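Okay, here's what each chain looks like letter by letter:
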Amino acid sequence: MIDLNEISCCFITITAAALALISAIFILFRLPKSPQKAKKYHPIGSSYLSQILNFYRLHDFMTDLSRKHKTYRLSTLFRSEIFTTDPAVVEYMLKTNFPNYVKGLYQYNILTDLLGDGIFAVDGDKWKHQRKLSSYEFSTKILRDFSSVVFKTTAVKLVRIVSEASASNRPLDMQDLFMKATLDSVFKVILGIDLDGLSRTYEEGARFTDAFDKANAITSFRYADFFWKIKRFLNIGSEAELRKNIKVVDEFVYKLIKGKIEQLNNPHVDLQPGKKEDILSRFLELKETDPKYLRDIVLNFVIAGKDTTATTVSWFFYLLCKHPDIQEKIAKEIIEATQVSSNSSIEELAARVNEETLDKVHYLHAALSETLRLYPAVPVDAKVCFSNDTLPDGYSVKKGDMMAYVPYAMGRMKDLWGNDAEEFRPERWLSEKGHFQPKSSFIFTAFQGGPRICLGKDFAYRQMKIFSMILLGSCKFKLNDESKPVKYRTALTLHIEGGLHLRVFPRSSHDTIFNA
Ligand code: HEM
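## Examining the domain arrangement of the chain
Then step 1. Segmenting the chain into domains produces domain 1 (4-102 + 382-407) and domain 2 (131-376 + 411-515).
Then step 2. The partner domain 2 presents 21 residues to the 20 residues of domain 1 that form the contact.
Then step 3. Both faces considered, domain 1 and domain 2 share a buried interface measuring about 1700 Å² in area, 62% of it formed by carbon and sulfur atoms.
Then step 4. Remark: the boundary between domain 1 and domain 2 carries one salt bridge.
Then step 5. One salt bridge connects Arg67 with Glu422, and the closest N-O pair in it is separated by 2.6 Å.
Then step 6. Applying the counting rule to domain 1 against domain 2 returns eight residue pairs in polar contact (both at pLDDT 80 or more).
Then step 7. For the side of domain 1 that touches domain 2, the element with the most residues is helix α3 (residues 58-68), which contributes six residues.

## What to know about the pairing of strand β9 (residues 475-479)
Then step 1. Here β9 shows a clear split, with Cys475, Phe477 and Leu479 buried on one side and none of Lys476 and Lys478 buried on the other.
Then step 2. Of the strand pairs in this sheet, β9 and strand β12 (residues 501-506) are connected by five bridges, and their pairing is antiparallel. When the bridges of β12 are listed, Lys478 appears paired with Arg503.

## Quick look at the sheet that holds strand β8 (residues 402-405)
Then step 1. Strand order in the open sheet formed by five strands is β1-β2-β8-β5-β3, and the pairing between neighbours is mixed. With one partner strand each, in any of the chains shown, β1 (71-75) and β3 (101-102) form the two edges of the open sheet.
Then step 2. Examined bridge by bridge, strand β5 (residues 381-385) and β8 share four bridges and lie antiparallel to one another. Within β8, the position partnered with Val384 by the bridge is Met402.

## Section: the sheet that holds β12
Then step 1. Sheet architecture is open: three strands sit in the order β4-β12-β9, paired in antiparallel fashion. The open sheet has two edge strands with one neighbour each: β4 (172-173) and β9.

## Quick word on the nonpolar core
Side chains of a nonpolar character, in soluble globular proteins, are inclined to be buried together.
Then step 1. Counting 117 residues, the largest nonpolar core has Phe317, Ile330 and Phe477 as its most contacted members.
Then step 2. It is helix α13 (residues 291-322) that contributes the most residues to this core, 17 residues altogether.
Then step 3. Of all hydrophobic cores here, the second largest spans 14 residues; its members include Val90, Met93, Leu391 and Val397.

## Examining the layout of surface pockets
Then step 1. Roughly 470 Å³ of volume is contained in the second largest pocket.
Then step 2. Residue lining of the second largest pocket: 21 residues in total, with Arg144, Asp458, Phe459, Tyr461 and Arg462 positioned closest to the centre.
Then step 3. Tallying contributions element by element places helix α20 (residues 457-474) first for the lining of the second largest pocket, with six residues.
Then step 4. Here the residues of the lining of the second largest pocket are counted per class, giving nine nonpolar, five polar and seven charged.

## Observations regarding the packing of aromatic side chains
To describe a pair of aromatic rings, one takes the distance between the centres and the angle between the planes.
Then step 1. Per the counting criterion, the structure on display carries 22 aromatic pairs.
Then step 2. Each ring, one from Phe317 and one from Phe477, has its centre 4.9 Å from the other, and the planes form 85 degrees; the classification is edge-to-face. With a gap of 160 residues between them, Phe317 in helix α13 and Phe477 in strand β9 connect regions that are remote in the sequence.
Then step 3. Overall, Phe317 belongs to the buried group, its relative accessible area being 1%.
Then step 4. We classify Phe477 as buried; its relative accessible area is 3%.
Then step 5. Residues Trp429 and Phe444 carry aromatic rings whose centres are separated by 4.9 Å and whose planes lie at 75 degrees to one another, so their mutual orientation is edge-to-face. Separated by 15 residues along the polypeptide, Trp429 in the loop between α19 (414-417) and α20 and Phe444 in the loop between α19 and α20 bring together distant segments of the chain.

What counts and what doesn't
- Residues numbered from 1 in each chain as written.
- Predicted model: local features only at pLDDT ≥ 70, side-chain atom pairs only at ≥ 80, totals over all residues.
- Heavy atoms only, no water.
- Domains from an automatic or database assignment.
- Contact = heavy atoms within 4.5 Å.
- Buried area = accessible area lost by both parts, 1.4 Å probe.
- Salt bridge = Lys/Arg side-chain N within 4 Å of Asp/Glu carboxyl O.
- Polar contact = N/O pair within 3.5 Å; in protein donor to acceptor, adjacent residues only side chain to side chain.
- Helix = DSSP H or I, 4+ residues; strand = E, 2+ residues; numbered from the N terminus.
- Buried < 20%, exposed > 50% of the residue type's maximum accessible area, 1.4 Å probe, protein only.
- Pairing = 2+ DSSP bridges.
- Core = buried A, V, L, I, M, F, W, Y, C linked by side-chain atoms within 4.5 Å.
- 1 Å grid on protein atoms, 1.4 Å probe; cavity = no way out; pocket = protein on both sides within 12 Å on 5 of 7 lines; lining within 4 Å.
- Points joined across faces, edges and corners; volume = space filled by probe spheres on them.
- Nonpolar A, V, L, I, M, F, W, Y, C, P; charged D, E, K, R; others polar.
- Phe/Tyr/Trp six-rings, centres within 6.5 Å; stacked < 30°, edge-to-face > 60°.

Structure follows, in structure tokens:
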């Protein structure tokens, strides 16, 4: 028989226990969790939809948002994406708490098929090792001297090409020429090989160049392609194309590496002077002989140095066409520094471009920096937050959030550059004596800042200055069609949409430099 008293007693006990448990949970949740202040997150700047609708002018759209909030975020289902133009926050993420803002697995997965374990794709010890070796190599006099010779030879080739176009009254796509010229020179400095992309006389080199450009573009496209992993798994569409192009790139680079290793190991091959000046040979001398590791190192440098420098010089020439007075002022500075006359040949001009004259052209250096302020080659640069953090502005960031500093928007902020922030005015970089005055790398962020600051910054300035001194010392440039707007293409690097079409003229009518 069931005892009703026992049941009701049991029921009362269970109910009392349940009530006690619920009250305990309730009290526990009502208690302040910790003595810390409640976390706050940056204001939401815009939605993904507005980003997509403004994609064609994305960097200007982001600049407008930055004018409202120095730091803002986009919120997605899984994480926030935070964009900042606040120098204090930029310094914090790039330097003060550098280990907490990394490339992360997200970027590694996108980049590694092409970049392997190269410096651009990795964090931690792998990054530290390459950074240490490469910073040493990049600071040597051997590299400085060798690269200057390479840049001058390439610039002279450029003058020959533009002079031919001028003689036949043809406009030229200067961005395309700068792309080829920077690839030729970075390839020579890094691998010691003449690709000759400018005249395309080396068939294997031309095949490599095309495959490399395609592989680079498809890798960048992965950032916007939600389906790339599925496409890679099925080996279809752009991913099949990527695999094919990486194979061409790898075959070419491995062959070069193998050749260099054989050369170095063969005691009967006496390397001629100058043969060990390229970065690859120098790494081999340091006993780095793993071909995959060497492939990753050299390809990362080639990618780092090509489009960035070429697009910057292209925007620079565009701005000089828009400001002919500044073009003339730079030409005058070059002619005064090198002391060339209208009877000098192009070789004489090139010979006078040396460490001493490169140091004299402060206005040119300022104008190139001013170009990078307004048209930074890397307009937005993102990291991933490694663990929960609070930024110097008091706002919080969660583990896994994306944190980006925005050089394009930063270059246009009035509170950083004054009311004329949107104007191209090289003078803002000069002291009263006309000497170039650098700005903090957390305000002028075109080269990033902190421990991962661009390793090729001086290399890039030297190349841009040498190209400009030789081209502007001998030629004048004008836009082919003044009425056609020049715009950027929204991508990882800031290319000019459709190229930069210019007309070229000799600097003076009896100019032997140009006609030599
Ligand atoms: C105007 C030209 C250039 C600009 C504006 C530029 C800008 C930058 C920026 C923004 C970064 C950081 C990218 C990131 O977050 O990973 C970077 C990194 C780097 N750059 Fe440059 N760059 C230029 C030219 C060059 C050249 C010519 C080289 C070498 C040949 C080079 C080598 C590198 C390397 C190796 C890194 C990675 C550094 C590291 O992660 O420790 N760059 N550059």
